Amino acid sequence: MEKSYCIVTYGCQMNVHESEKIAGILRAKGYTREAREEEADIIVFNTCCIRENAENHAYGNIGALKKMKKARPSLLIAVGGCMTQQDGAAEKLKKKFPFVDIVFGTHNLEELGRLIDLKEGRKKAVVEIVPGKERVEGEDKDISFRTSYPNAWVNIMYGCNNFCSYCIVPYVRGRERSRRPENILAEANALLDEGYKEITLLGQNVNSYGNDAGGVFTFPQLLDKICKRKEKFRLRFMTSNPKDFGEELIRAVAENEQVCNLIHLPVQAGSDRILKLMNRKYTAEEYLKKVELLRKAVPGCCLTTDLMVGFPTETEEDFQDTLRLVKEAGFSTAFTFVYSPRAGTAAAAMEGQIPDEVKKDRIMRLVEAVNSGTRELSSAYLGKTVEILCEDFDEKKKLYLGRDEYGRMGYFQSEENHIGEFVRLKIEEAAGISLQGSLVK
Ligand code: SAH
Ligand code: SF4
Ligand code: F3S
């Protein structure tokens, strides 16, 4: 009988892409896709632990499966990803949810097929978490089953060496490992051959791509190589750490038409004292200087960022520095977070943790500041014609949707299917962060 899988994903694009790899593994074992948890033969949770609420979500949803597992003992429940890779997390998970069948981590995702076989032969749960390796077998192969056409994610590197003092990622993802350029190129070329129209290169800090291989092949060179292809497509990347963001990359963005003029450059905070405590290795002024260079070399370039409030010892004055920076940098949008202490990180042990009410007050004011900037930029779209890569049909709104080069979502009506096509829209409505318009032939 045919078996089916359902994957529940939390966290960043890296995880979304890794869920595509998990899907590839399950399909190779003969499983088919099933959207409803209650119909699936295996449910895989691909978890995140970047903030406490990400973990709470996963915990809540895994806990909710207890009943289902009782009624249907043949159901397999597997939990993997960043959450399980933390010290002691697998044991904690097993204790809390004894009905979970398989626990794996970030360094042995490729082993899931074997873990399933192992579980099928025994009653006891299979728990395998391995420490980070130099190079992970399988990291270089594309085993993904993709469902994101016309967009595709491509890993260029794994792990992170930066140890920002608040961040758990280096602990759960291990040290930086860059994929070989020829493998990345082969994957990108194959995707373009298949008709994908947008490729997003993924890494925690794409600017340090290749450093672990002696720096002979750099990230800007990689962009140049991929952009040798002559057909129309878009190339994006994330994330770029401002400390290593420099002239060469700006040059590559400016010169290669396919590289979108939208840069995600997480600044985190506007106070130099806080940035130092965060171990970010740049000042607010240095950051703004780089933004200026970028805007000069790439006119019209849009900028997005990540911001955090409530880092230990953050004063109202520090917070005001963040608000000021938001105004000066002119972000088209920003992801805003409340600092969440992560066990084992340097910041979690710092004195001066900020009370919840203060964090709440600051995040509200920050969101308002970011939104007012976004609204201003949106209204400038009215009446303009923009190019959208159509990527989906919204069943509820009965409208096609896609994004422009700068990441703005645009909706439009059409009788024909345009998914995977570049279309032009005349913008008639620009509310908040999304746009609506009519097709221009
Ligand atoms: N590698 C990327 C960031 C990946 S994590 C970079 O350095 O830019 C994505 C975002 O989550 C970070 O930019 C940060 O704003 C936020 N974040 C990370 N750890 C956090 C924590 N402990 N609490 C709150 N937000 C956090
Ligand atoms: Fe975390 Fe900093 Fe690494 Fe980004 S660069 S993943 S914030 S440690
Ligand atoms: Fe991503 Fe969350 Fe892991 S943000 S790298 S899935 S901790």
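Residues numbered from 1 in each chain as written. Chains lettered and ligands numbered in written order. Predicted model: local features only at pLDDT ≥ 70, side-chain atom pairs only at ≥ 80, totals over all residues. Heavy atoms only, no water.

Asks: What is the right way to look at the overall build of the protein in this model?
Replies: For the protein, the helix and strand inventory stands at 14 helices and 19 strands. A compact globule built from 441 residues would reach a C-alpha radius of gyration of about 22 Å, and the protein, at 22 Å, matches this within 12%. Considering only contacts within the protein whose residues lie at least 6 apart along the sequence, 73% involve residues at least 24 apart. In the form shown here, the protein has an accessible surface area of approximately 20500 Å², with 52% of it arising from carbon and sulfur atoms. Placing the 65 positive and 66 negative side-chain charges of the protein at their respective mean positions leaves the two points 3 Å apart. (Helix = DSSP H or I, 4+ residues; strand = E, 2+ residues; numbered from the N terminus. Rg over C-alpha atoms; globule rule 2.2 N^0.38 Å. Contact = heavy atoms within 4.5 Å. Areas by Shrake-Rupley, 256 points an atom, 1.4 Å probe, with all protein chains shown as cover. Lys, Arg positive; Asp, Glu negative; His and termini not counted. Charge placed at Lys NZ, Arg CZ, Asp CG, Glu CD.)

Asks: Explain the environment of Ser-165 here, please?
Replies: Tracing the backbone shows Ser-165 in the loop between β8 (157-158) and α7 (169-173). Residues contacting Ser-165, with those up to four places away along its chain left out, are Leu-277, Met-278, Asn-279, Phe-311, Thr-345, Ala-346, Ala-347 and Met-350.

Asks: Even after reading the chapter, I still don't get the domain arrangement of the protein, so can you show me in this structure?
Replies: Interfaces are frequently sized by the accessible area removed from exposure as the parts join. Structurally, the protein comprises domain 1 (3-128) and domain 2 (385-440). The straight-line distance from the C-alpha centre of domain 1 to that of domain 2 is 35 Å. (Domains from an automatic or database assignment.)

Asks: How do you make sense of the site of ligand 2 when you look at a structure like this?
Replies: Around ligand 2, the structure places Cys-160, Asn-162, Phe-163, Cys-164, Tyr-166, Cys-167, Val-169, Pro-170, Gln-204, Asn-241 and Arg-280. Residues of the shell around ligand 2, tallied by class, amount to 7 nonpolar, 3 polar and 1 charged. (Near = heavy atom within 4 Å. Nonpolar A, V, L, I, M, F, W, Y, C, P; charged D, E, K, R; others polar.)

Asks: Just to check I follow, could you spell out the pairing of strand β4 (residues 76-81) for this structure?
Replies: For β4, a buried count of 6 out of 6 residues is recorded, marking the element as mostly surrounded by other parts of the structure. Both faces of β4 are covered, namely the face carrying Leu-76, Ala-78 and Gly-80 and the face carrying Ile-77, Val-79 and Gly-81. Relative to β4, strand β3 (residues 42-47) is paired through 6 bridges, and the arrangement is parallel. Residue pairing across strands places Thr-47 opposite Gly-81, the latter belonging to β4. In terms of strand pairing, β4 meets strand β5 (residues 102-104) through 2 bridges, oriented parallel. Paired with Val-79 across the bridge in β5 is Val-103. (Buried < 20%, exposed > 50% of the residue type's maximum accessible area, 1.4 Å probe, protein only. Pairing = 2+ DSSP bridges.)

Asks: Quick question: what am I supposed to make of the site of ligand 1 here?
Replies: Contacts to ligand 1 come from 15 residues, most closely from Gln-204, Pro-266, Gln-268, Asp-306 and Ser-340. In this structure, Tyr-166 approaches ligand 1 through a main-chain N or O atom, which is 3.1 Å from a nitrogen atom. A distance of 2.8 Å separates a nitrogen atom of ligand 1 from a polar atom in the backbone of Ser-340. Burial of ligand 1 by the protein chains amounts to 91% of its free accessible area of 540 Å². If you list the elements that add at least two residues to the shell around ligand 1, you get β13 (302-309) and β14 (333-338). (Polar contact = N/O pair within 3.5 Å; in protein donor to acceptor, adjacent residues only side chain to side chain.)

Asks: How should I be thinking about the environment of Tyr-282 in this particular structure?
Replies: Relative to the helices and strands, Tyr-282 resides in the loop between α11 (272-277) and α12 (284-297). According to the relative accessible area criterion, Tyr-282 is buried, its value standing at 6%. The sequence separation of Tyr-282 and Asp-272 amounts to 10 residues, and the corresponding C-alpha distance is 8.0 Å. Among all residues touching Tyr-282, those that are not within four sequence positions of it are Asn-241, Pro-242, Lys-243, Pro-266, Val-267, Gln-268, Leu-275 and Tyr-287. Here Arg-280 takes part through its side chain, which lies 3.0 Å from a polar atom of the side chain of Tyr-282.

Asks: I would appreciate a short explanation of the side chain of Gln-86 in the present structure.
Replies: Relative to the assigned elements, Gln-86 resides in the loop between α4 (82-85) and α5 (89-96). For Gln-86, the side chain forms a polar contact with the main-chain oxygen of Met-83, separated by 3.0 Å. Excluding residues within four positions of it along the chain, Gln-86 makes contact with Cys-49, Glu-55, Ile-168, Val-172 and Arg-342.

Asks: I'm lost on the pattern of salt bridges in this one. Help?
Replies: If charged atoms from side chains of opposite charge come close, those side chains can pair. Throughout the structure, instances matching the rule amount to 33 salt bridges. Asp-117 is paired through a salt bridge with Lys-29; the nearest N and O atoms lie 2.7 Å apart. One end of the pair, Asp-117, is in helix α6 (residues 112-120); the other, Lys-29, is in the loop between α1 (13-28) and β2 (31-33), with 88 residues separating them in the sequence. Taking relative accessible area as the criterion, Asp-117 reaches 42% and is therefore assigned partly exposed. On the basis of relative accessibility, which here comes to 32%, the residue Lys-29 falls in the partly exposed class. Of the charged contacts, one joins Glu-198 and Arg-236 as a salt bridge, the two residues approaching to 3.0 Å between their closest N and O atoms. (Salt bridge = Lys/Arg side-chain N within 4 Å of Asp/Glu carboxyl O.)

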